Amino acid sequence: MRRGRPRNALARAAVAAALVLASALPPRAVAQDLSLDLPVFGHTTFSMTSTTTARYRGDNYDFNTHDDRFGSLAQRFDLALQGDELRLEVRIDAFVPTTYLADPCAPGTESLCYLAWDLRPERMTLRWEHENWLVEAGDSQLVLGRSIALAFRKVDLLGVDTALRGAHVRYQGQYVRARLHAGVANPQNQDPIDLSIIREFSDVVTAGTLGATLPGETRIDLGLHAANLWFADEPIGGFAQPPNRMVSIAGWSAEAPALLDGRLALYVENDALRRVWGAQGSGEQEFGRATYASAQLSLDELTVLVEWKDYDNFLVAGSTDESRAWRIYGAAPSIEYEGPQRLRAIGNQRGGGVRVDYAFLPGPWSFSINEVAYGLNEELREDPWSGVLVSHTWATLVRRQEYAESLIWSLNFVLGWREEVLLHDPVLMPGHRAGELDRRMIHGQVEVTLGSGDHSFDIHVDHRHETQLDFSGYRQFQVGGTSVTYTFGVPLTATVGLRWSDYNLGEVTQRSMRDYNFLGGNMYPSVEVRYSFDPGTSLRLFAGQTPGGQICSGGVCRVVPPFEGVLLQFVGRL
Amino acid sequence: MSKVRSLALFVLGLSSFAAALLGVGTPEVGLTGSVARALVGGHPPPFTLPAAVGGPSTGEFRLAEHLGQHRPVVILFWATWCVPCTQEMPFYQGLYARYRDRGLRVVAISMDDARTVMRAGPAARRLGVTYDVVTDLDTRVTTQLNPRRSAPFSIWVDRTGAITWEREGFASAEQRVIESGIAQLVGAGG
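Residues numbered from 1 in each chain as written. Chains lettered and ligands numbered in written order. Predicted model: local features only at pLDDT ≥ 70, side-chain atom pairs only at ≥ 80, totals over all residues. Heavy atoms only, no water.

1. Structural notes on unusual backbone geometry
Residues apart from glycine generally show negative phi values, whereas peptide bonds are mostly found in trans. Counted only if it meets this: Secondary structure is summarised from DSSP: a helix means a run of H or I of at least four residues, a strand means a run of E of at least two, and numbering begins at the N terminus for each. When a residue's accessible area, from a 1.4 Å probe over protein chains only, is under 20% of the maximum for its type it is buried; when over 50% it is exposed; and in between it is partly exposed.
That bond from A:L361 to A:P362 is cis: its omega, 0°, falls within 30 degrees of zero. Of the consecutive residues B:A151 and B:P152, the connecting peptide bond is found in the cis state with omega at 0°. By the element assignment, B:P152 lies in the loop between α4 (140-145) and β6 (153-157). One non-glycine residue, A:L195, lies in positive phi territory at about 70°. Mapped onto the elements of the fold, A:L195 is located in the loop between β11 (176-187) and β12 (204-214). A relative accessible area of 3% means that A:L195 is categorised as buried.

2. Side note on helix α2 (residues 83-99) of chain B
Residue and element names in this part refer to chain B. Our working definition: Expected span of a helix: the number of residues minus one, times 1.5 Å.
For α2, which comprises 17 residues, the first-to-last C-alpha distance of 25 Å matches the rise-based estimate of 24 Å (1.5 Å per residue) to within 8%. Counting buried positions over the 17 residues of α2 gives 12, a clear majority of the element. Taken as a whole, α2 has its buried residues at V83, C85, Q87, E88, M89, P90, F91, Y92, Q93, L95, Y96 and Y99.

3. A few points about the confidence of the model for chain A
Parts of the model with low pLDDT should not have their predicted coordinates read in detail. Residue and element names in this part refer to chain A. Heads up, the rule is: Per-residue confidence from the predictor is reported as pLDDT, a score between 0 and 100. Contacts are residue-level and defined by heavy atoms, with any inter-residue pair within 4.5 Å sufficient.
Mean pLDDT over chain A works out to 85, with 87% of the residues at or above the 70 mark. For the stretch residues 1-11, pLDDT sits under 50, and the model shows 20 contacts to residues farther than four places along the chain or on other chains. Within the model, pLDDT remains below 50 along residues 507-518, and this stretch shows 33 contacts once partners closer than five positions in the same chain are excluded.

4. Brief notes about a nonpolar patch on the surface
Residues and elements named next belong to chain A. How we decide: Patches here are clusters of residues that have more than 30% relative accessible area and form no salt bridge, with a 9 Å joining cutoff for like charges and a 5 Å cutoff for nonpolar side chains (Val, Leu, Ile, Met, Phe, Trp, Tyr). For every accessible area listed, the method is Shrake-Rupley and the probe measures 1.4 Å; residues are considered covered only by the protein chains on display. Within this document, salt bridges are pairs made up of a side-chain nitrogen of Lys or Arg and a carboxyl oxygen of Asp or Glu, the two lying within 4 Å of each other.
Taken together, Y56, V496, V527, V529, L541 and V566 make up a surface patch of nonpolar side chains, about 460 Å² in accessible area. For L541, the position within the fold is in strand β27 (residues 537-546). Note on L541: relative accessible area 39%, which makes it partly exposed.

5. Some remarks on a negative patch on the surface
Residue and element names in this part refer to chain A. To keep it simple, the criterion reads: The sign given to each residue is positive for Lys and Arg and negative for Asp and Glu; His and the chain ends receive no count. Charged groups are reduced to one reference atom each: NZ for lysine, CZ for arginine, CG for aspartic acid, CD for glutamic acid.
A contiguous patch of negative charge on the surface is contributed by D37, D84, E85 and E131. Within the secondary structure, D84 is located in the loop between β3 (70-82) and β4 (86-97). Given the relative accessible area of 53%, D84 is considered exposed.

6. Things to note about the sheet that holds strand β7 (residues 163-168) of chain B
Residues and elements named next belong to chain B. The test is simple: In this description, strands pair whenever DSSP reports at least two bridges between them. The angle between two axes is taken between their N-to-C directions and runs from 0 to 180 degrees, where each axis is a line fitted to C-alpha atoms and a helix contributes only its stretch in contact.
Read from one edge to the other, the open sheet built from 5 strands follows the order β5-β4-β3-β6-β7, with strand pairing classed as mixed. Two strands close off the open sheet at either side, each with one partner strand: β5 (132-135) and β7. Strand-to-strand twist of the sheet, defined as the mean angle between neighbouring strand axes without regard to direction, takes the value 15°. By the bridge criterion, 6 bridges tie strand β3 (residues 73-78) to strand β4 (residues 105-110) in an arrangement that is parallel. The partner of V74 across the bridge, within β4, is V106. Strand contacts of α2: β3, β4 and β6, with the helix running at about 160° to β3, the strand carrying the most contacts. Across the sheet, helix α5 (residues 175-186) lies against β3, β6 and β7, angled at about 25° from β6, the strand it touches most.

7. Some words on the environment of A:R219
Condition: Two N or O atoms count as a polar contact when they lie within 3.5 Å, although within protein this holds only if one can serve as hydrogen donor and the other as acceptor, and sequence-adjacent residues are included solely when both atoms are side-chain atoms.
Within the element layout of this structure, A:R219 appears in the loop between β12 and β13 (220-230). Note: C-alpha distance between A:R219 and A:A258 (39 residues apart in sequence) is 6.6 Å. Excluding residues within four positions of it along the chain, A:R219 makes contact with A:T213, A:E255, A:A256, A:P257 and B:G59. A polar contact of 3.0 Å, which involves the side chain of A:R219, links it to the side chain of A:D221.

8. Quick word on the packing of aromatic side chains
Stated precisely, the cut-off is as follows: Between the rings of Phe, Tyr and Trp (Trp by its six-membered ring), a pair exists once the centres lie within 6.5 Å; its type follows the angle of the planes, with under 30 degrees stacked, over 60 edge-to-face, and the other angles tilted. Each ring is checked for a lysine NZ or an arginine CZ that lies within 6 Å of its centre and within 35 degrees of its normal; such an atom marks a charge sitting over the ring.
A complete count under the given rule lists 19 aromatic pairs over all chains for this structure. One aromatic cluster in this structure is built from A:Y403, B:F91, B:Y92 and B:F170. Here the basic side chain of A:R146 rests over the ring of A:Y267, its NZ or CZ set 3.9 Å away from the ring centre. Here the guanidinium or amino end of A:R327 rests over the ring plane of A:F201, the centre of that ring lying 4.0 Å away.

9. Quick look at the environment of A:D67
All names here are of chain A. Secondary-structure assignment places D67 in the loop between β2 (42-57) and β3. For the pair formed by D67 and L112, sequence separation is 45 residues and the distance between their alpha carbons is 7.7 Å. Not counting the four nearest positions on each side in its chain, D67 is found in contact with R57, G58, N60, D62, Y114 and L115.

10. Focus on the packing of α2(B) against α5(B)
Residue and element names in this part refer to chain B. Under the convention used in this document: By definition in this entry, angles of less than 35 degrees are roughly parallel, angles greater than 145 are roughly antiparallel, angles of 65 to 115 are roughly perpendicular, and the rest are oblique. Handedness of a crossing is defined here by the sense of rotation of the near helix relative to the far one, left-handed for an anticlockwise turn of less than a right angle and right-handed for a clockwise turn.
Closest axis-to-axis distance for the α2/α5 pair is 11 Å, and the angle between their directions is 30°. Taken together, the axes of α2 and α5 are roughly parallel relative to one another. Relative to α5, α2 is oriented so that their crossing is right-handed. For the pair formed by α2 and α5, the contact residues are F91, Y92, L95, R98 and Y99 on the first element and Q175, I178, E179, I182, A183 and V186 on the second.

11. Focus on the state of the cysteines
All names here are of chain A. This is how the line gets drawn: Note on terminology: disulfide denotes any pair of cysteine sulfur atoms within 2.5 Å.
Enumeration according to the criterion identifies 2 disulfides over all chains in this entry. The disulfide partner of C105 is C113, and the S-S distance across this bridge is 1.3 Å. Looking at C105, the relative accessible area reads 16%, which means it is buried. Residue classification places C113 among the partly exposed residues on the basis of a relative accessible area of 29%.

12. Topic: the nonpolar core
As a reminder, the rule being used: Side-chain atoms within 4.5 Å are what join buried Ala, Val, Leu, Ile, Met, Phe, Trp, Tyr and Cys residues into a set we call a nonpolar core.
Of all hydrophobic cores here, the largest spans 42 residues; its most connected members are A:L150, A:F152, A:L229, A:I249, A:V316 and A:Y329. When near neighbours in sequence (up to four residues on either side) are disregarded, A:L229 contacts A:L150, A:V204, A:V205, A:R245, A:M246, A:V247, A:I249, A:V316 and A:Y329. Judged by nonpolar contacts, the second largest core, of 35 residues, contains A:V490, B:L76, B:A79 and B:A108.

Set out below in structure tokens:
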């Protein structure tokens, strides 16, 4: 974006005024009874959630100058009509960046000018529910089994929110359950991390499940499921792997959630995958499989969870090296820590984990100890135990709040150690041998809450130290942060935060860091204030910086650029 | 400049529309006082969700069995990885124990994915929870009732089946307002 051009100044001022007005206008969100009688719907209530986000983003310190120093306004309406048996939902997304006012990008650099205005309806669903039947037309969420075969759900961390747009019919009786889905994959309109408009590929998906509960005192559920995905052509080449044409999955599951008077729960799922792939319709095929099993023993104070996974060349995506999180349509359980470690090769892993929970009931203290160990190979067609051996041990100590006390306090403490060791001599890194360290992460987290009356404080500290092998040898980096939050009753929450990170600084931020922040180096300060006008309506202001870096979830990682700027968000509900 | 004007007007129009809709009515909420009741309208869809394995309840939770039965219902959205949720759930356990005999029902909907869903039931028991804890693996109910998918997120439904409170987040500083509001919800004064 070119800066300082006089003819844009007035226009920017107009948009800025609109942003301010938009955020400042609604003083309260209190509505009367919004019910009405409609034909077909019957007695109907209307509800709405409005989210208005005004944002100014400064320099994100990558090579692209077209996505720096701009303002934007995003408006989202989640609207719903709820009748006796019918429900109609629609979400309306609108986004306008001030870069819209800039001159067009020079020929050949259009891809750098990815910020564009957008106004579209999204998540449109007409749903009818009557006794055991449910029929949906429009966007619906879908998970088969434990998300291994198919998962259309939101992954907040990565900004993924993909639905299946089409038709869905479900029958859920006492002993028999069945579902049929058909439609096209429909990712959300906008990537909330980089604010780009997501390109939709119209991958066609059909899926069905059939389940039965065996009659008897002990509940046992059996299920069959199948799905077929036809992938749309990729207009832009350049991927290492030829694109998939079609992926077919079939599997079964068995679950006994309450054996031994509810003390023992068992689950097992097995899936087979057939992939047809190749450029120009060459139509080669290959097969994969996935097995997941868990057993959970729950006694009064003790819980033991044992999990096993065996995923061999199992990835439900447009190609075997798909990197766009919203085009990966499966999310097999990783059994890993729900933290920031880099997960990889989710479709090619074999191993297990044990978790032991103990609660000193009825007291407030509890702890857990976790251990997972598995092999992975990033080359999907190789055996998982020929790549890297991962082991991760972590423990938690928790004290929950007891509200009978005048001074309320709670504690959440986590400490963990994670290692990845090479199981083979790496071809691309001569000089390193099997048995050597590939990655190590030592991580800790402490959260303390203190509260009395209308006042409470939340104190948070997290830190991790990582070592990883790359082409230049072993590299170490540290990522962490601390924050203090003060809350007064319902209305006011104020947070002061400081994060630090020296991860990948030279690669993620490719320009000079000389003027990056006033604290210098790797420190990222921020302030956040939220004021609630009533329980459903709030105004949030964030100002400061957040570090970039790699974030991972469900086996998919993204590199997120640093952020510096201001964010003003208004949320209101009817 | 015509596209600039049209864009600005478009943005302003959208936001004014939201403001006009949201601003109607007379405020009935006193956040720092003893009254904590917002008329936020709407009726929840009659969802059915399975109990979290290893949790305090078994079978399924059917909201339709409680709506229209003159039972106030509190719906909590939470996740095992959400620290404020672990403060909110024991707090509502205390209210549930106090007002269960007056018909109060509480259901906690876990937003955990396949990676952590097995931990939801034991986590709830560890928090001392005895009300219903269910899972929403495909996020269908979460999408309907909690479109911003916040955690924690709480909804109160009164005896007529209407939503009277929606709130993102939780801090122990809110306990007096919530206690007072729940007392009103169940008709115990406050």
